[in-house]
Amino acid sequence: MTPDKKCVKVDSNTCIGCTLCTQICPNVFEMQNDGKSKAVNACNDTSEKLEQAIEACPVDAISWDDKAA
Ligand code: F3S
């Protein structure tokens, strides 16, 4: 366990379903039936990978979620 474990969340109102986050962090994000991504295992990757997903999202739908830790 790393002490600086970080978690993310997806704003489903903003997500356009581009699926990039699920390709970068398949252990974290999962596409839902509504075509939006959800952080089903919100803390399940390194902070570097999570940050990559945050930066890759074209509509900035992913953000850090301190409460999910
Ligand atoms: Fe949606 Fe952004 Fe992922 S648009 S599918 S949250 S990369």
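Structure report, in brief.

### Let's talk about the nonpolar core
Then step 1. Counting residues in hydrophobic clusters, the biggest one holds 18 residues, and the most contacted among them are Val-8, Cys-25, Val-28, Phe-29, Ala-39, Ala-53 and Ile-62.
Then step 2. Mapped by element, the contributors of at least two residues to this core are strand 1 (8-10), helix 1 (20-24) and helix 2 (47-56).

### Observations concerning helix 2
Within an α-helix, residues lying three or four positions from one another point in the same direction, as the helix has 3.6 residues per turn.
Then step 1. Within helix 2 the residues assigned to the buried category are Ser-47, Leu-50, Ala-53 and Ile-54. One side of helix 2 carries all its buried residues, which in axial view fall inside an arc of 120°. Within helix 2, the exposed residues directed more than 90 degrees away from the buried face are Glu-48 and Glu-55.
Then step 2. The elements touched by buried residues of helix 2 are strand 1, helix 1, strand 2 (29-31) and strand 4 (62-64).

### Remarks on the packing of aromatic side chains
Then step 1. Going through the model one piece at a time under the given rule, you end up with zero aromatic pairs.
Then step 2. Directly above the aromatic system of Trp-64 lies the positively charged group of Lys-6, at a separation of 4.5 Å from the ring centroid.

### Section: the site of the ligand
Then step 1. Around the ligand, the neighbouring residues are Cys-15, Ile-16, Gly-17, Cys-18, Thr-19, Leu-20, Cys-21, Ser-37, Cys-57, Val-59, Ala-61 and Ile-62.
Then step 2. The residue makeup of the shell around the ligand, split by class, is nine nonpolar, three polar and no charged.

### So, the state of the cysteines
Then step 1. Under the definition given, this model contains one disulfide.
Then step 2. In this model, Cys-7 is linked to Cys-43 through a disulfide, with the two sulfur atoms separated by 2.1 Å. Torsion about the S-S bond of the Cys-7 and Cys-43 cystine: about 100°, corresponding to right-handed handedness. With Cys-7 in the segment before strand 1 and Cys-43 in the loop between strand 3 (37-39) and helix 2, this pair connects stretches of sequence that are 36 residues apart.
Then step 3. You can call Cys-7 buried: its relative accessible area is 3%.
Then step 4. Here Cys-25 stays unpaired: no disulfide links it, and the sulfur of Cys-21, its closest cysteine neighbor, is 8.1 Å away.
Then step 5. On the accessibility criterion, Cys-25 (0% relative accessible area) is buried.

### Quick notes on unusual backbone geometry
Then step 1. Residues other than glycine seldom take positive phi values, yet Thr-19 does so here, at roughly 70°.
Then step 2. For Thr-19, the location among the structural elements is in the loop between strand 1 and helix 1.
Then step 3. Look at Thr-19 and you get partly exposed, because its relative accessible area is 27%.
Then step 4. Residue Asp-60 is not a glycine yet carries a positive backbone phi of 55°.
Then step 5. Tracing the backbone shows Asp-60 in the loop between helix 2 and strand 4.
Then step 6. For Asp-60, a relative accessible area of 60% gives the class exposed.

What counts as what
- Residues numbered from 1 in each chain as written.
- Predicted model: local features only at pLDDT ≥ 70, side-chain atom pairs only at ≥ 80, totals over all residues.
- Heavy atoms only, no water.
- Core = buried A, V, L, I, M, F, W, Y, C linked by side-chain atoms within 4.5 Å.
- Buried < 20%, exposed > 50% of the residue type's maximum accessible area, 1.4 Å probe, protein only.
- Helix = DSSP H or I, 4+ residues; strand = E, 2+ residues; numbered from the N terminus.
- Arc of directions from axis to C-beta.
- Contact = heavy atoms within 4.5 Å.
- Phe/Tyr/Trp six-rings, centres within 6.5 Å; stacked < 30°, edge-to-face > 60°.
- Lys NZ or Arg CZ within 6 Å of the ring centre and 35° of its normal.
- Near = heavy atom within 4 Å.
- Nonpolar A, V, L, I, M, F, W, Y, C, P; charged D, E, K, R; others polar.
- Disulfide = S-S within 2.5 Å.

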